[in-house]
Amino acid sequence: MDQIYDVIIVGGGPGGIAAAYLCHKQGLSHLLIESGKAVFHGISTTYPEGKNVYPSKPKDDPEPFMVEELRPPDKPVTVEKYIQYVQHFVQHEGLNVVTETQFENIETARDHQRVITTKGTFLARKILLAFGSSIPKELSVYGDAKMVAKSLDDPKKYVGLRTLVIGGGNSAADVIISILKAKRSANDKEPVYWAHVAETFDVNKETAQRLGEEILLGGNIRLLPGATPRIGEVDDEGVDRLVIRVAVHELPGGIERYNAMSFPMKNVIACIGSQGPTSTFDKIGVQTIACAEGVCQVAKEGDRLLLLTSEFESTRKGVYVIGGAISPSYMKITKGSIQEERHPNLIHTAINDAYHVISSIATKLKK
Ligand SMILES: Cc1cc2nc3c(=O)[nH]c(=O)nc-3n(C[C@H](O)[C@H](O)[C@H](O)COP(=O)(O)OP(=O)(O)OC[C@H]3O[C@@H](n4cnc5c(N)ncnc54)[C@H](O)[C@@H]3O)c2cc1C
């Protein structure tokens, strides 16, 4: 029979790593599932290069960092240094982590829960969701576009390839700049196509300047404004491809003629932004409440807030949610009443949530 872990943790950010470390210290068996190539993927893909990491604490919160080992130093270090430290820490402590594995769903069995992922099913007594606040959006196309990358792990992978970057904002532009740089140093002249559904691209001045520099230095970039990803398909040779419509010509009689391009999905990166985790909560069947006018102070009218106990357990028994995934506020259930609770999206909050949940789980499992 497959191993049943005491705790399966989804997401290797500060919250998830703190939880795995605390399980390890408390003698609870654990498995941490991270969708990125390495832990702290969320941070490494959202912080600008060289940004300092601050050990900020929410106002009015008297609690120190409950896992001192993961606290960002008082004298701020760059995000690259902090990530390097944490990755070394995970290795040194021997935490049980699987990467490049995406959480998909939960099924309940008689005496355990089944965690469904892209790399198979794992079994657990308790599940801790620490997947942060931003879930990359999926491309909405006919067919399947799961093979399309949502972020840039290694620009060198695209050297020698005609690459397609989808998205009209700063993150798409940043990805293009990195790929153009890698191509330039490898003397690769293959172009990078930049597609966006709108007719105009929307980047800030500083990013536009850096992009302009790359173009002046010989960057081969081809713009595809008004382009729409349409179909994800597998071709006759078994290659996953993305078909993108780049122009439509209206002909008489209601007929349309399309121009389309088809790229191997491995050549494509979609930087189309992220969304909150509400759709994931709906999928796994944990309850949320929509904020009515005048009831919520942090959330806006219509926002859906997760219902959680004071120990961060959701309405699905044995499934806990912490950190950025429940920021900026959630609905706290206490002694028969429900109240909106502020929950700032900070490293401190994610780590301390993990501390409270794992302490509570340890007490329950050791009973
Ligand atoms: C630009 C920027 C600067 C910031 N600076 C600071 C700062 O200086 N100090 C501070 O305290 N806070 C800062 N923050 C906030 C801080 O980074 C977050 O509060 C913190 O990262 C939240 O931690 P977390 O563990 O909840 O989630 P995250 O750090 O978001 O980690 C979630 C992890 O889950 C993974 N994941 C997501 N979905 C899945 C899935 N389906 N399956 C498997 N894995 C999945 C992600 O890849 C990610 O690695 C900053 C945030 C940003 C965007």
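Criteria and cut-off values
Residues numbered from 1 in each chain as written. Predicted model: local features only at pLDDT ≥ 70, side-chain atom pairs only at ≥ 80, totals over all residues. Heavy atoms only, no water. 1 Å grid on protein atoms, 1.4 Å probe; cavity = no way out; pocket = protein on both sides within 12 Å on 5 of 7 lines; lining within 4 Å. Points joined across faces, edges and corners; volume = space filled by probe spheres on them. Helix = DSSP H or I, 4+ residues; strand = E, 2+ residues; numbered from the N terminus. Expected span 1.5 Å × (residues − 1). Buried < 20%, exposed > 50% of the residue type's maximum accessible area, 1.4 Å probe, protein only. Arc of directions from axis to C-beta. Near = heavy atom within 4 Å. Polar contact = N/O pair within 3.5 Å; in protein donor to acceptor, adjacent residues only side chain to side chain. Areas by Shrake-Rupley, 256 points an atom, 1.4 Å probe, with all protein chains shown as cover. Nonpolar A, V, L, I, M, F, W, Y, C, P; charged D, E, K, R; others polar.

(A) How the structure looks around the layout of surface pockets. For the second largest pocket, the calculated volume is near 420 Å³. Together, 18 residues line the second largest pocket, and D61, E341, R342, H343 and T349 are the ones closest to its centre. Of all elements in the fold, only β22 (329–334), β23 (337–342) and α7 (347–366) reach the threshold of two or more residues within the lining of the second largest pocket.

(B) Region of the structure containing helix α5 (residues 205–216). Between its terminal C-alpha atoms α5 stretches 16 Å, which fits the 16 Å expected from 12 residues at 1.5 Å a residue. For α5, the set of buried residues is T207, L211 and E214. The arc that holds the buried residues of α5, viewed along the axis, is 55 degrees, so those residues lie on one side. For α5, the exposed residues lying more than 90 degrees away from the buried face are K205, Q209, E213 and L216. Where α5 terminates, the next one or two residues include G218, which has phi positive at roughly 110 degrees.

(C) Quick peek at the site of the ligand. Around the ligand, the surrounding shell holds 31 residues, and the nearest of these are E34, Y47, Y54, G324 and N345. One nitrogen or oxygen atom from the main chain of P14 is found 3.3 Å from an oxygen atom belonging to the ligand. Within the backbone of I347, a nitrogen or oxygen atom sits 3.0 Å from an oxygen atom of the ligand. Protein chains bury 84% of the 1,000 Å² of accessible surface belonging to the ligand in isolation. Ranked by residues supplied to the shell around the ligand, first place goes to helix α2 (residues 41–46) with four residues. Among the residues making up the shell around the ligand, the classes are represented as 14 nonpolar, 15 polar and two charged.

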